[in-house]
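Examination of the molecular architecture
Chain by chain, the residues run as shown.
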Amino acid sequence: MSPNLLLLNLGMAISFATIALPDLLHAKEGLSLDDTQASWFGSISFLAEPLGALISGPLVDYVGRKKGTFLVNIPHLIAWTLMYFAWDLPSLFVANGLLGFGSGVMEAPINSYVGEISEPAVRGALCTLTLLFISLGIFVMYLLGTLVTWRYAALISLSLPFASMLLVLLVPETPVWLLVNGKEKEALKSLCYLRGWTKPENVREEFDQLADYSQNLRNCVICTNNDQDIKTCDHASMNWFKRTLLKFRYVFFCKETLRPLQFTMLYFLFYVMSGLTPIKPNMVNICGAFGMPQNGKQIVMMVGIITCLSSAFAIIAIKILGKRKLAISALFMSSVCCVGLSIYAKIHLGKEVFSYDVTTFPKETSYTPLVLFYLLTWFTACGIPWVLLGEIFPFRSRASAQGIAAASYYLFTFLGSKTLIDLETYARLWGAFATYAAFGFLGTIYLYFFLPETEGKSLAEIESFYNGKLRIFPDDPFFNYFKRQKKK
């Protein structure tokens, strides 16, 4: 629950602009934003998030997963306070930038902690549960947007970092991190706690496996083939800066790190640009521009509810279908929904319709785009890049690689959010959603060939997927038929 509260706070932070922007855009009194300022406000947090994500990996590697989970709450404590008291545009933008920075710095402790404490049989469900709490955070913020002003929403959000910091005091450090840092007794105690407050003899087999795994990690990565302990090898006395550069080279520039890093970054690109994520800051106005029959804020609240339900469904679907089938089918169906919205916009919306100008919205309403929009929300929430992020990296590079991958997600989200206004200007809404559909279909093909099935696999087994020659992972009758024909 401690990392889950981080995720609840994260969901509220990334959706805050959605409820604040309609009140700030061309406001008649108080703080007011024009079109360009609104575009920047909706995306600036995503620009700041990569910086936080890059810092989060080294932070949790140095202080540990538990202390890292405690410390990453501090930026949001400051950000929510500043957002509530924002007195001019610079303070407003700084507060939103801090929200983004804080969201980025949360990534590594969340994914590392959940991935390292879980048994293979439940890791998929627990990692998917993290998606549910992000979805709950999004829903709570959208709900607050219908009940209170954006300032009071910020004030209410301030309670979550405090609650997370209190809860983290009750949880143990991950056994793997403790073992790698030579703390065997604390690691055994932690594992007993995490496996149900049990006795050491009941976890001895798993502990011995973890001890063997961590023993290799304690060897010097630079001369790992010689099995030299990092404290006794020749590199221990090397210049600190030179040793750090060499360690970075051997840890990051290896197949086990670069291949999953490339995979997750491309998955994030296709996932972000498949329709829903780029429009989130301006979602209320997008709904109005499509002529949806309900109030924009009510639709946004329904989006939050659907996201929660879809995330809960994904927990069950992973156990039945596995991660591979769920991820591929979710991205494909998101693309189909974008095609539907693009066709509707091309046929029914006039050339003058522009989501940043409420005076151009159509008078006639239709349930067709509303249904397509809700379906897009459902399938987007079934995507699982964040679940995979917690399990496909080797331990040595896990936290930092997760931070880099998360930074790419936020960078893509910034670019997607910032370019929405340009796509609309030059290609109107139908062209924007046609672009998102194209990204989704390309991503579906990419996942089909390069996404392995990780459900029920140990971290060591998953790591082995990326050793040796580059592999592709399709294993279905359609692909196998062509494979047989090629052999003939």
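Residues numbered from 1 in each chain as written. Predicted model: local features only at pLDDT ≥ 70, side-chain atom pairs only at ≥ 80, totals over all residues. Heavy atoms only, no water.

On to the packing of helix α1 (residues 2-24) against helix α5 (residues 89-105), then. Taken N-terminus to C-terminus, the directions of α1 and α5 make an angle of 155°; their axes are 8 Å apart at the nearest point. Classified by the angle their axes make, α1 and α5 are roughly antiparallel. For α1 against α5, the interelement crossing comes out left-handed. From α1, Leu 10, Ala 13, Ile 14, Phe 16 and Leu 24 reach across to α5, where they touch Leu 92, Leu 99 and Ser 103. For the contact of α1 with α5, the per-class residue count stands at seven nonpolar, one polar and no charged. (Axes fitted to C-alpha atoms, helices over the stretch in contact; angles between N-to-C directions. Helix = DSSP H or I, 4+ residues; strand = E, 2+ residues; numbered from the N terminus. Parallel < 35°, antiparallel > 145°, perpendicular 65-115°, else oblique. Left-handed = near helix turned anticlockwise from the far one by under 90°. Contact = heavy atoms within 4.5 Å. Nonpolar A, V, L, I, M, F, W, Y, C, P; charged D, E, K, R; others polar.)

Think of a ball as big as a water molecule: rolled over the atoms, this probe shows where empty space is left. Under the counting rule described, the total for this entry stands at seven cavities of 30 Å³ or more. If you add up the space inside the largest cavity, you get close to 260 Å³. Lining of the largest cavity is provided by 19 residues; of these, Ile 134, Ile 138, Tyr 271, Lys 280 and Trp 386 occupy positions nearest its centre. Counting residues per element, the ones that place at least two in the lining of the largest cavity are α1, α7 (120-147), α15 (276-279), α17 (296-321), α19 (367-381) and α21 (395-450). Ranked by residue count, the leading element in the lining of the largest cavity is α7, at four residues. Considered class by class, the residues forming the lining of the largest cavity number 11 nonpolar, six polar and two charged. When residues are assigned to domains, the lining of the largest cavity turns out to be shared by domain 1 (1-171) and domain 2 (255-487), each giving three or more. (1 Å grid on protein atoms, 1.4 Å probe; cavity = no way out; pocket = protein on both sides within 12 Å on 5 of 7 lines; lining within 4 Å. Points joined across faces, edges and corners; volume = space filled by probe spheres on them. Domains from an automatic or database assignment.)

Before going further, it helps to examine helix α11 (residues 184-194). Inspection of α11 places Ala 187, Leu 188, Ser 190, Leu 191 and Cys 192 among the buried residues, and these make up the whole buried set. Within two residues after α11, Gly 196 carries a phi angle of roughly 100°, on the positive side. (Buried < 20%, exposed > 50% of the residue type's maximum accessible area, 1.4 Å probe, protein only.)

As a further point, take the nonpolar core. The biggest cluster of nonpolar side chains holds 124 residues, and the ones touching the most others in it are Phe 16 and Phe 290. Per-element tally for this core: the top contributor is α21, with 18 residues. Here this core gathers at least three residues from each of two domains, domain 1 (1-171) and domain 2 (255-487). Setting aside chain neighbours within four positions, we find Phe 16 in contact with Trp 80, Met 83, Leu 99, Met 141, Trp 150, Ala 153 and Ala 154. Grouped together as the second largest cluster of nonpolar side chains are 13 residues, Val 180, Ala 187, Leu 188 and Phe 207 included. (Core = buried A, V, L, I, M, F, W, Y, C linked by side-chain atoms within 4.5 Å.)

In the structure shown here, the tally under the stated rule is 21 aromatic pairs. With a centroid separation of 6.4 Å and 80° between ring planes, the pair formed by Tyr 267 and Tyr 271 is classed as edge-to-face. Placement of both Tyr 267 and Tyr 271 in helix α14 (residues 255-272) is noted, with a separation of four residues, approximately one turn of the helix. For the pair Tyr 267 and Tyr 271, one class covers both residues: buried. Aromatic rings pair up to connect Phe 263, Tyr 267, Phe 270, Tyr 271, Tyr 446 and Phe 450 into one cluster. For the cation-ring pair, Lys 418 lies above Trp 40, with the distance from its terminal atom to the ring centre recorded as 4.9 Å. (Phe/Tyr/Trp six-rings, centres within 6.5 Å; stacked < 30°, edge-to-face > 60°. Lys NZ or Arg CZ within 6 Å of the ring centre and 35° of its normal.)

Attention now goes to the UniProt feature "signal peptide" (unreviewed entry) in the chain. Those residues carrying the UniProt feature "signal peptide" (unreviewed entry) are residues 1-27 in this numbering. Across residues 1-27, the secondary structure splits into 85% helix and 0% strand, with the terminal C-alpha atoms separated by 39 Å. (UniProt positions renumbered as here; feature names shortened; annotations may be inferred.)

Note on placement: Glu 184 falls in helix α11. Exposure remark for Glu 184: the relative accessible area of 35% places this residue in the partly exposed category. For the pair Glu 184 and Ala 211, spaced 27 residues apart in sequence, the C-alpha to C-alpha distance is 8.3 Å.

Its 17 residues place the ends of α5 24 Å apart at the C-alpha level, agreeing with the 24 Å of an ideal helix rising 1.5 Å per residue. Within α5, 12 of the 17 residues are buried, leaving the element largely enclosed by the surrounding structure. All of the buried residues along α5 are Ser 91, Leu 92, Phe 93, Ala 95, Asn 96, Gly 97, Leu 99, Gly 100, Gly 102, Ser 103, Gly 104 and Val 105. (Expected span 1.5 Å × (residues − 1).)

Turning next to the packing of α1 against helix α8 (residues 150-157). Across the interface, α1 lies against α8 with an axial gap of 10 Å and an inter-helix angle of 170°. As summarised for this structure, α1 and α8 are arranged roughly antiparallel, according to the angle between their axes. In this structure, α1 crosses over α8, and the sense of that crossing is left-handed. Together, Asn 9, Met 12, Phe 16, Ile 19, Ala 20, Asp 23 and Leu 24 of α1 and Trp 150, Ala 153, Ala 154 and Ser 157 of α8 make up the contact between the two elements. Looking at side-chain class alone, the contact of α1 with α8 contains eight nonpolar, two polar and one charged residues.

This part takes up the pattern of salt bridges. Within the structure shown, the criterion is met by four salt bridges. Measuring nitrogen to oxygen at the nearest pair gives 2.8 Å for the salt bridge that ties Glu 206 to Arg 195. One end of the pair, Glu 206, is in helix α12 (residues 204-218); the other, Arg 195, is in the loop between α11 and α12, and 11 residues separate them in sequence. If you follow the salt bridges from partner to partner, you end up with Lys 319, Lys 323 and Glu 455 in one network. (Salt bridge = Lys/Arg side-chain N within 4 Å of Asp/Glu carboxyl O.)

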